[in-house]
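Notes for the structure review
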Amino acid sequence: MKSNARVVVIGGGIGGVSTLYHLTQEGWSDVVLVERDELTSGSTWHAAAQVTQFGSNQTMVALKRHSIDLYRELASDPEYPINYHITGGMRLAYTPTQVDVYQHYIGMAAGVGVDLEFIDADEVENRHPLIRTHELVGAWWDPLDGDIDPAQLVFALARRARKADAEIYRFNPVEAITRKPNGEFIVHTKNGSICCEMIVNASGYRVNEVGSMLGVSHPVVSMEHMYF
Ligand SMILES: Cc1cc2nc3c(=O)[nH]c(=O)nc-3n(C[C@H](O)[C@H](O)[C@H](O)COP(=O)(O)OP(=O)(O)OC[C@H]3O[C@@H](n4cnc5c(N)ncnc54)[C@H](O)[C@@H]3O)c2cc1C
């Protein structure tokens, strides 16, 4: 394990591994990721992993579009193909207010080059005959809605990051973080310490456990719940 790196990413879910990969794409090869367990062992592996383009602002829409373009490219990589299905998807509108909101989102997305469409109830039935369309005004159609295998995605990004000289240390929890007088951080892990310029806290629902090592409190709460 390295004892020095420019960046230490803490957490091997989609957030951390994607950050590591994108740093390498920006030419930062002196970057490492530390994961307490196996990659994807946090929330990521059990996501339904629906991939959408909608967002409440143009930054989120453009970020999601970037992800879709990247996932398409990864899925078609013959060396390491992953399961990614683009099916298209609808969000149903039953009231004029919902139509107004959807039209607002469609216009906002068009501003960053993302084409979404509002379709009337007849066209909804045409595209999905099993939907009950009485009382339906229409729907917002996203041609690029889809789903992906979240674990395969993480491993595909990790593979590319490693190829670009990033290193990943699994089964290696971060136990403490201290700071040197010159501002550098020392990340203390089960298997040794790494001195670095920057830390990315991508520890998911443990974000405040890691944050507290730096005296930082993030305004989020982790909730355990059943899904489906
Ligand atoms: C049931 C379910 C369905 C979902 N469906 C969707 C969906 O359809 N579409 C969608 O976009 N999102 C969905 N999500 C949300 C999505 O899964 C999460 O937003 C995403 O996986 C969070 O990724 P992350 O990298 O931030 O966190 P995580 O995946 O939790 O990764 C954090 C990592 O940090 C590691 N870690 C924590 N503490 C330390 C430490 N001290 N040292 C080292 N490593 C540490 C953990 O082990 C973990 O691997 C769903 C989530 C769930 C639970």
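**Overview of the environment of V174**
Relative to the elements of secondary structure, V174 occurs in strand 10 (residues 174-179). Taking the C-alpha atoms as reference, V174 lies 4.3 Å from T189; in sequence the two are 15 residues apart. Non-local contacts of V174, meaning those with residues more than four positions away in its chain, are made with I10, V34, V187, H188, T189 and M213.

**Description of the site of the ligand**
Residues in contact with the ligand amount to 26 residues; listed here are only the nearest, G15, E35, S43, T44 and Q50. Within the backbone of G42, a nitrogen or oxygen atom sits 3.4 Å from an oxygen atom of the ligand. In this structure, T44 approaches the ligand through a side-chain N or O atom, which is 2.5 Å from an oxygen atom. Here the ligand loses 76% of its free accessible area of 1,000 Å² to cover by the protein chains. A per-class count over the shell around the ligand returns 11 nonpolar, 12 polar and 3 charged.

**Here's the deal with the nonpolar core**
Counting 28 residues, the largest nonpolar core has L20, Y71, L74 and I148 as the members making the most contacts within it. Those elements that place two or more of their residues in this core are strand 1 (4-10), helix 1 (14-25), strand 2 (31-34), helix 2 (58-75) and helix 5 (150-163). What Y71 contacts, discounting residues up to four positions off in sequence, is V51, Y84, I148 and L153. One finds A5, I10, I199 and V210 within the second-largest nonpolar core, a separate group that totals 14 residues.

**As for the packing of aromatic side chains**
Considering all chains together, one arrives at 4 aromatic pairs under this definition. Centroid distance Y71 to Y84: 5.9 Å. Interplanar angle 90°. Geometry classified as edge-to-face. In this pair, Y71 is assigned in helix 2 and Y84 in strand 4 (residues 84-86), connecting sequence segments 13 residues apart. Relative accessible area serves as the criterion here: at 12%, Y84 is assigned to the buried category.

**What to know about the sheet that holds strand 6 (residues 117-120)**
Ordered by their spatial adjacency, 3 strands build an open sheet running 5-7-6, and the pairing between neighbours is antiparallel. Unpaired on one side and paired on the other, strand 5 (89-93) and strand 6 mark the two borders of the sheet. Between one strand axis and the next, the sheet turns through 30° on average, direction left out of account. Pairing between strand 6 and strand 7 (residues 138-142): 4 bridges, direction antiparallel. Note that in strand 7 the partner of E117 across the bridge is W141.

**Things to note about the pairing of strand 11 (residues 185-189)**
Only one face of strand 11 is buried: it carries F185, V187 and T189, and the other face, with I186 and H188, is open. Here strand 10 pairs with strand 11 via 5 bridges, running antiparallel. Directly across from A176, in strand 11, lies its bridge partner H188. Connecting the antiparallel pair strand 10 and strand 11 is a turn made up of 5 residues, with G183 showing a positive phi of about 95°. Strand direction decides the pairing type here: strand 11 and strand 12 (residues 192-201), joined by 5 bridges, are antiparallel.

**Observations concerning the pattern of salt bridges**
One pass over the full model with this rule turns up 14 salt bridges. E79 is paired through a salt bridge with K163; the nearest N and O atoms lie 3.3 Å apart. Here E79 is found in the loop between helix 2 and strand 4, whereas its partner K163 is found in helix 5, with 84 residues between them in sequence. Each member of the pair E79 and K163 is classed as exposed. Notably, a salt bridge pairs K180 with E184, separated by 3.2 Å at the nearest N-O pair. Classification of K180 as partly exposed rests on a relative accessible area of 30%. Residues joined by salt bridges that share partners form a network here, namely R65, D69 and R72.

**Quick look at the domain arrangement of the protein**
Domain boundaries in the protein define domain 1 (1-46 + 151-228) and domain 2 (50-148). When each unit is reduced to the centre of its C-alpha atoms, the spacing between domain 1 and domain 2 is 31 Å. At the junction of the two partners, domain 1 supplies 10 residues and domain 2 supplies 11 residues. Interface area, domain 1 with domain 2, both sides summed: about 980 Å², of which 56% is carbon and sulfur. For the pair domain 1 and domain 2, the interface holds 6 residue pairs in polar contact (both at pLDDT 80 or more).

What counts, and at which threshold
- Residues numbered from 1 in each chain as written.
- Predicted model: local features only at pLDDT ≥ 70, side-chain atom pairs only at ≥ 80, totals over all residues.
- Heavy atoms only, no water.
- Helix = DSSP H or I, 4+ residues; strand = E, 2+ residues; numbered from the N terminus.
- Contact = heavy atoms within 4.5 Å.
- Near = heavy atom within 4 Å.
- Polar contact = N/O pair within 3.5 Å; in protein donor to acceptor, adjacent residues only side chain to side chain.
- Areas by Shrake-Rupley, 256 points an atom, 1.4 Å probe, with all protein chains shown as cover.
- Nonpolar A, V, L, I, M, F, W, Y, C, P; charged D, E, K, R; others polar.
- Core = buried A, V, L, I, M, F, W, Y, C linked by side-chain atoms within 4.5 Å.
- Buried < 20%, exposed > 50% of the residue type's maximum accessible area, 1.4 Å probe, protein only.
- Phe/Tyr/Trp six-rings, centres within 6.5 Å; stacked < 30°, edge-to-face > 60°.
- Pairing = 2+ DSSP bridges.
- Axes fitted to C-alpha atoms, helices over the stretch in contact; angles between N-to-C directions.
- Salt bridge = Lys/Arg side-chain N within 4 Å of Asp/Glu carboxyl O.
- Domains from an automatic or database assignment.
- Buried area = accessible area lost by both parts, 1.4 Å probe.

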